[in-house]
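# Observations on chain architecture
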Amino acid sequence: MKTKLQISRRNFLGAMIAAGVAPQFVPARVFGQNAPSKKIQLGHIGNGGQGTGLLRNFLSVDIATSVAVCDPFRQRRENAAKLVKAAQGHDPVLYNDFRELLADKSIDAVVIASPDHWHVPLGLAAVRAGKDVYIEKPLGKSLNQNRAMLEACKKTGKIFQYGTMQRSQEMLKRGIELVLNGYIGEVQRIEVWAPAGHGGGSLDEIPVPDGLDYDLYIGPALMKACSKDRITNQGSYHCSDYAIGFIAGWGAHPLDIAIWGSNSDQAGPVTFKGTGNFPTPNALFDCCATWDVDIKFADGVAMHFMSHEIAEPIVKKYRQNWCGDGTTFYGPKGWISLSRGGVAASNEAWFKETLPADAKHVHYHNRYYKHFCECVRDRAPSISPIDHAVRSDAISHLSLMAIKTGGEVVWDPKEYKIKSPDALNAQMGIQVRGAWQQA
Ligand SMILES: NC(=O)c1ccc[n+]([C@@H]2O[C@H](COP(=O)([O-])OP(=O)(O)OC[C@H]3O[C@@H](n4cnc5c(N)ncnc54)[C@H](O)[C@@H]3O)[C@@H](O)[C@H]2O)c1
């Protein structure tokens, strides 16, 4: 029987999830109580490099069991199934087609680690089929996809957790709390950098390899001849048929830290201006590989978003332990620089200080994958929710638009539209192939 406390906790959390609200500061007492005994049933969609890594992580979560694997590469889903058998002793169901997996009502949640162009179509299909979703970064192939995912999560009340697992790194959480508690004063500017992409990639046609359902792999993207690089993760990271490049694919991680360190009600970015390089526009890997973009937020905060080789001389001037990705917050009282590879600050002692009793704390869990399963179980919002994913991914999309136009792009984050140049609003969506139109 439900107690009064349980009911009010569920109502509170349900309302937050349904509203798509990111609970930046949430009282700890509302989480993790009164667990039902049934294990969370997980399906794993996309069993390549990252999907296999995620599978290994979820296999060690004691409150979940992996009951299905799915990949249009037969060998990959078979390998994933072997891992499940070895770790949990049972045979998962193997699927080529995710729609069949999603039709299984016993599956509570899915872990999506497909190429980028599939993230939102798969995510939408999953939440509409009643599943909670863990979705790899970056979010969508277009700004419109991102809004559709946000709206679908709000409408269905499904849990969303983004593939930005550094939110479970203690030192990063610590750094964010220092920023949010004013150790550097009001944030004035933020530097964000990430590894550059690269060009190259063969377009030479090869026969579709045995065991691959190529039509399902390409899915909503335009059908193109199979080449050896197109069906690797390099193809899905650096080819514009499937991704917008590392400006989103890698940029997602340090941008996520920037959004984490912003007040949740802060107005989003409003202007973008910058340059970038497309080293091989006629090869397979035709995405923007390097970028240097100046961004302004409505509250006056300036962001400098760069690929690593542009950032390196700038960051090395103040930060000795250089990392290829990072986020530095500057205020009148100093700076705090956070990377999954290490942290630094103008005053390193801050990292050891005890925060005051009334300090703000972020919604945090030190086990990212277990946390997702607990959220599914408890109907609790995740520490990396959909609205944060939409905000950080928008920065990548709008930065790329600014690079391509060469002028200033003005964004209205509240209306979720481009104020100028108006013509760019037509580029907020993407062309979708035939039957995938509804996705
Ligand atoms: N969070 C991180 O740190 C991190 C690290 C690496 C990759 N990633 C992300 O993970 C995703 C996958 O990257 P990867 O390196 O594993 O690529 P990958 O090519 O190794 O794996 C992707 C897999 O998805 C499968 N796939 C394609 N279409 C599918 C469909 N319709 N249904 C199910 N599976 C489908 C492919 O066959 C492939 O096996 C990318 O979006 C990437 O950005 C995240």
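The structure presented is a predicted model; accordingly, all values stated were derived computationally and were not measured. Per chain, residues are indexed from 1 in the order of the written sequence. In view of the model being predicted, local features appear only for residues whose pLDDT reaches at least 70, and side-chain atom pairs are presented and counted only at 80 or more, with totals across whole chains, interfaces and linings using the full set of residues.

### Section: the site of the ligand
All residues are tested the same way: a C-beta atom is placed from the backbone, and lying within 6 Å of a molecule or strand makes the residue near it. Taken together, 27 residues sit near the ligand, with Gly46, Gly48, Gly49, Gln50 and Asn233 positioned nearest. Listing elements by their share of the shell around the ligand, those giving two or more residues are α2 (49-59), α5 (116-128), α8 (214-218) and α9 (233-238). Elements are defined by DSSP. Helices are runs of H or I of four residues or more, strands are runs of E of two residues or more, and each kind is numbered from the N terminus. In terms of residue count, the dominant contributor to the shell around the ligand is α2 (3 residues). Side-chain classes are defined by residue name, with Ala, Val, Leu, Ile, Met, Phe, Trp, Tyr, Cys and Pro counting as nonpolar, Asp, Glu, Lys and Arg as charged, and the others, Gly among them, as polar. Here the shell around the ligand is built from residues that sort into 10 nonpolar, 12 polar and 5 charged. Domain assignment of the residues forming the shell around the ligand places at least three in each of domain 1 (4-167 + 373-385) and domain 2 (169-357 + 389-438). An automatic or database domain assignment is the source of the domain bounds shown.

### Side note on the packing of helix α6 (residues 143-156) against helix α14 (residues 386-405)
Only the stretch in contact is used when a helix axis is fitted, and all axes are lines through C-alpha atoms; the angle between N-to-C directions ranges over 0 to 180 degrees. In the contact formed by α6 and α14, the axes pass within 10 Å of each other and the chain directions differ by 175°. The angle between α6 and α14 falls in the class roughly antiparallel. Contacts between α6 and α14 involve Leu143, Asn146, Met149, Leu150 and Cys153 from the former and Ile386, Asp387, Val390, Asp393, Ala394 and His397 from the latter. Considering only residue class, the contact of α6 with α14 consists of 7 nonpolar, 2 polar and 2 charged. Here the angle decides the label: under 35 degrees means roughly parallel, over 145 means roughly antiparallel, 65 to 115 means roughly perpendicular, and every other value means oblique. By the convention adopted here, residues are in contact when the distance between their C-beta atoms, placed from the backbone, does not exceed 7 Å.

### What about unusual backbone geometry?
Here the amide bond leading from Lys137 into Pro138 is cis, since omega sits at -10°, within 30 degrees of zero. Checked against the element boundaries, Pro138 lands in the loop between β5 (132-135) and α6. The step from Ser420 to Pro421 runs through a cis peptide bond, and the omega angle for that step is -5°. Tracing the chain through its elements places Pro421 in the segment after β15 (417-420). Notably, Arg379 is not glycine yet its phi reads approximately 55°, a positive angle. Here Arg379 lies in the loop between α13 (368-378) and α14. Buried, partly exposed and exposed are defined by the number of other C-beta atoms within 10 Å of a residue's own C-beta, namely 20 or more, between the two limits, and 12 or fewer respectively, with C-beta atoms placed from the backbone. Under the C-beta neighbour-count criterion, Arg379 is labelled partly exposed, with 17 such atoms within 10 Å.

### A few points about the nonpolar core
Structurally, a nonpolar core is described as a collection of buried Ala, Val, Leu, Ile, Met, Phe, Trp, Tyr and Cys residues joined by way of C-beta atoms within 7 Å. Of all hydrophobic cores here, the largest spans 120 residues; its most connected members are Val111, Ile112, Val133, Val179 and Ile336. The dominant element in this core, judged by the number of residues it contributes, is α14, at 10 residues.

### Notes on α13
With respect to burial, α13 is a largely interior element, 10 of its 11 residues being buried. The complete set of buried residues in α13 reads Tyr368, Tyr369, His371, Phe372, Cys373, Glu374, Cys375, Val376, Arg377 and Asp378. At the exit of α13 stands Arg379, carrying a positive phi of roughly 55°.

### Looking at the sheet that holds strand β12 (residues 334-339)
Across the sheet, which stays open at both edges, the 9 strands sit in the order β13-β12-β11-β7-β10-β9-β8-β14-β15 with mixed pairing between neighbours. Taken across any chain shown, the strands that pair with only one partner, and hence form the sheet edges, are β13 (342-345) and β15. Neighbour-to-neighbour, the strand axes of the sheet open up by a mean angle of 20°, direction not taken into account. Direction of pairing for strand β8 (residues 269-277) relative to strand β9 (residues 290-297): antiparallel, over a ladder of 8 bridges. Within β9, the position partnered with Gly276 by the bridge is Trp291. Contacts from helix α7 (residues 170-180) reach β11 (326-331), β12 and β13, with the element oriented near 155° to β12. In the packing of α14 onto the sheet, contacts are made with β8, β9, β10 (302-307) and β14 (409-412), and the angle to β8 comes to roughly 60°. Here the rule is simple: two strands pair whenever DSSP picks up at least two bridges between them.

### Considering the sheet that holds strand β1 (residues 40-45)
One open sheet holds the 6 strands; their spatial order is β3-β2-β1-β4-β5-β6, and the pairing between them is parallel. This sheet does not close on itself; its edge strands, each paired only once, are β3 (93-95) and β6 (160-162). The sheet shows a mean angle of 25° between the axes of neighbouring strands, taken without regard to direction. Pairing geometry for β5 and β6, over 3 bridges, is parallel. The residue of β6 that forms the bridge with Ile135 is Tyr162.

### A word on the environment of Ala345
With respect to the secondary-structure elements, Ala345 resides in strand β13. Taking the C-alpha atoms as reference, Ala345 lies 9.5 Å from Ile184; in sequence the two are 161 residues apart.

### Remarks on the pairing of strand β7 (residues 189-194)
Most of β7 sits out of view: 5 of its 6 residues are buried. When β7 meets β10, the two strands line up parallel, connected through 6 bridges. Within β10, the residue paired with Glu191 across the bridge is His304. Relative to β11, β7 is paired through 5 bridges, and the arrangement is antiparallel. Looking at the pairing, Val192 lines up with Thr327 of β11.

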